[in-house]
Amino acid sequence: MQGERKNERVTRVETVLFDLDDTLLRYERSPGEVLRASFERSGIEPLFAVEEYYDRYDEFARQCDSMDELRHECFAALAEENGYDRRLGRDVAAAFAEERDQSNVELLPSAADVLDDLADDYRLGVVTNGARDAQRRKVAAVDLERWVDTVVVAGHDAPPKPDPEPFERAVRALEATAERTVHVGDSLETDVAGATAAGLESVWVSDGTDPRRYDPTYRVGSVGELSSPPWVPDG
């Protein structure tokens, strides 16, 4: 099924940028599963929910140089905010580091086929938020650079999405223009909002919710639909 167009405006797209996590790839064990195992491994009752970690991830990604440091500081802060000693949060972070293998990721179904299809006609890149070491290990684990020519780790190479700078950096690296670039991602708040701020068109990999105040150019139900790109007119 081809993605739904927001309107009939057609731009001659030459460059496609992708978000990484939950757009192109996923962990074989979810962060929630690893966090539960980390509490058990530490012999510590749950100090916070995984959703609290998600909510603070980008904040600590801006401050920290590595994934281990990010979790160390984030988990300590979350423990303290929930009435526990910061040391307990650091203990859980250490257990999480032992449980989590950043290379234990897999491409989402159809992602390889889509990248094969698009690489024939477009310049491809990745713009992802996160700690540089973790994101680079994920990219290497699925050999993503056989398709993409640039990877911008926002929060390290540039301010995190939705700031327009990481998108602009990727466009420059690919010797492209914003007007002929589209960004694909699953987050309205970071991917769609950031692409719009940078003057790019956007493809939202929809979870079926109302996009509210956000205004993606195109909407698809899964990355697999991009084998028939929504920015290409029918016929």
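That block above? That's the structure.
Residues numbered from 1 in each chain as written. Predicted model: local features only at pLDDT ≥ 70, side-chain atom pairs only at ≥ 80, totals over all residues. Heavy atoms only, no water.

Draft legend 1. Representation of the overall build of the protein chain in the model. The helix and strand inventory of the protein chain stands at eight helices and nine strands. The C-alpha radius of gyration computed for the protein chain amounts to 18 Å, which stays within 12% of the reference 18 Å derived for 235 residues, consistent with globular compactness. Principal-axis analysis of the C-alpha atoms gives the protein chain an extent of 60 × 35 × 30 Å. For the protein chain, buried positions account for 51% of its 235 residues. (Helix = DSSP H or I, 4+ residues; strand = E, 2+ residues; numbered from the N terminus. Rg over C-alpha atoms; globule rule 2.2 N^0.38 Å. Buried < 20%, exposed > 50% of the residue type's maximum accessible area, 1.4 Å probe, protein only.)

Draft legend 2. Broad picture of helix α1 (residues 31-42). Given a rise of 1.5 Å per residue, 12 residues ought to cover 16 Å, and the 16 Å separating the end C-alpha atoms of α1 matches this to within 8%. Listed as buried for α1 are Pro31, Gly32, Val34, Leu35, Ala37, Ser38 and Phe39. For α1, the secondary structure elements touched by its buried residues are β3 (25-27), α2 (50-63), α3 (67-81) and α4 (86-99). Gly43 lies just past α1 and shows a positive phi near 70 degrees. (Expected span 1.5 Å × (residues − 1). Contact = heavy atoms within 4.5 Å.)

Draft legend 3. Just unusual backbone geometry, in detail. Omega for the peptide link from Lys161 to Pro162 comes to 20 degrees, which places this bond in the cis form. You will see that Glu175, though not glycine, has its phi angle at about 55 degrees, which is positive. Residue placement: Glu175 occurs in the loop between α7 (165-173) and β7 (181-185). Taking relative accessible area as the criterion, Glu175 reaches 70% and is therefore assigned exposed. With phi around 55 degrees, Arg212 is a residue other than glycine that occupies positive phi space. Note that Arg212 resides in the loop between β8 (201-205) and β9 (218-220).

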